[in-house]
Amino acid sequence: MTILITGANGTVSREVLRELAGKQSVRALVRDAARAPQLDGIDVVVGDLDRPRTLTPAFEGVTTLWLLTPMGPTAPSQSMNAVWAARQAGVRHIVRLSAIGAAHDAPTRNGRLHALSDAELRESGIPWTILRPSHFMQNLLGAKAGEHLYGLFGEARGGLIDARDIAATGAAILAAPQRHEGRIYTPTGPESITLHQAAEHIAHATHKPVRYVPQSPDEARDSLLQAGLDEWSAEVLAEYRAAYGSGWGDFTTDHVEQVVGRAPRSFAEFAADHRQHFANL
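All residue numbers here refer to positions counted from 1 along the written sequence of the relevant chain. In view of the model being predicted, local features appear only for residues whose pLDDT reaches at least 70, and side-chain atom pairs are presented and counted only at 80 or more, with totals across whole chains, interfaces and linings using the full set of residues. To get the side-chain values, all heavy atoms of the structure are used, and hydrogens and water are removed first.

1. Looking at the overall build of the protein chain
Looking only at helices and strands, the protein chain has 11 helices and 10 strands in total. Whereas a compact globule of 281 residues would reach a radius of gyration of roughly 19 Å, the protein chain reaches 19 Å, a difference of no more than 12%. By its C-alpha atoms, the protein chain is 55 × 35 × 35 Å across when sized along the principal axes. Scored against the burial criterion, the 281 residues of the protein chain give a buried share of 53%. For helices the rule is a DSSP run of H or I covering at least 4 residues; for strands it is a run of E covering at least 2, with both sets numbered from the N terminus onward. Restricting the calculation to C-alpha atoms gives the radius of gyration, and the globule rule supplies 2.2 Å times the number of residues raised to the power 0.38. Burial classes: relative accessible area under 20% of the type maximum marks a residue as buried, over 50% as exposed, and values in between as partly exposed (1.4 Å probe, protein chains only).

2. With respect to helix α1 (residues 11-20)
Looking at α1, one finds that the buried residues are Val12, Ser13, Val16, Leu17 and Leu20. Mapping the buried residues of α1 onto a view down its axis gives an arc of 140°, with all of them on the same face. Buried residues along α1 sit in contact with β1 (2-5), β2 (25-30), β4 (64-67), β5 (93-97) and α5 (163-175). Following α1 by one or two positions, glycine 22 has its phi on the positive side, about 85°. It is the directions from the helix axis to the C-beta atoms that the arc portrays. The contact criterion used is simple: two residues touch if any of their non-hydrogen atoms lie within 4.5 Å.

3. Looking at the sheet that holds strand β7 (residues 144-145)
A pair of strands is considered paired only if DSSP assigns at least 2 bridges between the two. Read from one edge to the other, the open sheet built from three strands follows the order β7-β8-β10, with strand pairing classed as mixed. With one partner strand each, in any of the chains shown, β7 and β10 (211-212) form the two edges of the open sheet. Pairing of β7 with strand β8 (residues 148-149), which is carried by two bridges, proceeds in the antiparallel orientation. Its bridge partner lying in β8, alanine 145 is registered against histidine 148.

4. Describing the packing of aromatic side chains
Two aromatic rings from Phe, Tyr or Trp, using only the six-membered ring of Trp, form a pair when their centres are within 6.5 Å; if the ring planes differ by under 30 degrees the pair is stacked, by over 60 it is edge-to-face, and anything between is tilted. Under the criterion given, the structure shown has six aromatic pairs. Ring centres of phenylalanine 153 and tyrosine 244 lie 4.8 Å apart, and the angle between their planes is 40°; this geometry places the pair in the tilted category. One end of the pair, phenylalanine 153, is in the loop between β8 and α5; the other, tyrosine 244, is in helix α8 (residues 231-245), with 91 residues separating them in the sequence. The pair formed by phenylalanine 153 and tyrosine 244 is uniform in burial state, with each residue classed as buried. When the centroid spacing of 5.4 Å and the interplanar angle of 65° are considered together, the rings of tyrosine 244 and tryptophan 248 count as edge-to-face. Judged by its relative accessible area of 2%, tyrosine 244 is buried. Every member of this aromatic cluster is reached through a ring pair, and the members are Phe153, Tyr240, Tyr244 and Trp248.

As structure tokens, then:
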């Protein structure tokens, strides 16, 4: 069995590669070989999801595909190209990383775009599994400035999940895909928390004061634009701020434990693991 990992330099895919390296025959798809993950036990192939012709050699001999596309307006096209290459190559199972709440009536355009790609995969004729994880804890690694923590939850709660637990879930499915055929999982952390609580955990881990500063959707968008984010992404994240602020992400599931056989990490554990990073911000 040969597993191909797309989005190999992304937060989740890097962790999937770490989970599988040395245990499975794994390929990492990258656009630039010079930027390939430096991990033993994986093969690196060059290809671009925006350029279908580059995918044929990369997909040759692949039996299982981890399909991740970056957030953006061209994501459905990239997913389409990957699914088509998988069909041509005879791939036997696709595990797709979608987005929380992906649906045609999702409150964010990112969720609606993912719904298009989810639907295409489900009608592709290739056995599939879809993951729609909650908000990544890792999104907060760049959200602290001095004593202030910023985020997209307003005053609401959310079932934040460590990207390492998303990866562990994905890797377990990739290793035994038949057990998960036709399933949609929504991995979350073990508890739904406010970002005030997240700030308290970071403060405890770093022994430094940290205070969460809620922002309105417009304030979140403006601060992201000022930080250099492109307009499309800033607008989408402002949509997430409005959705999360309404309590849209206030839930947890046991899907990590179902698939991996252990509970997901708490935010307190995440903060402790990243205490040095937070302390330096």
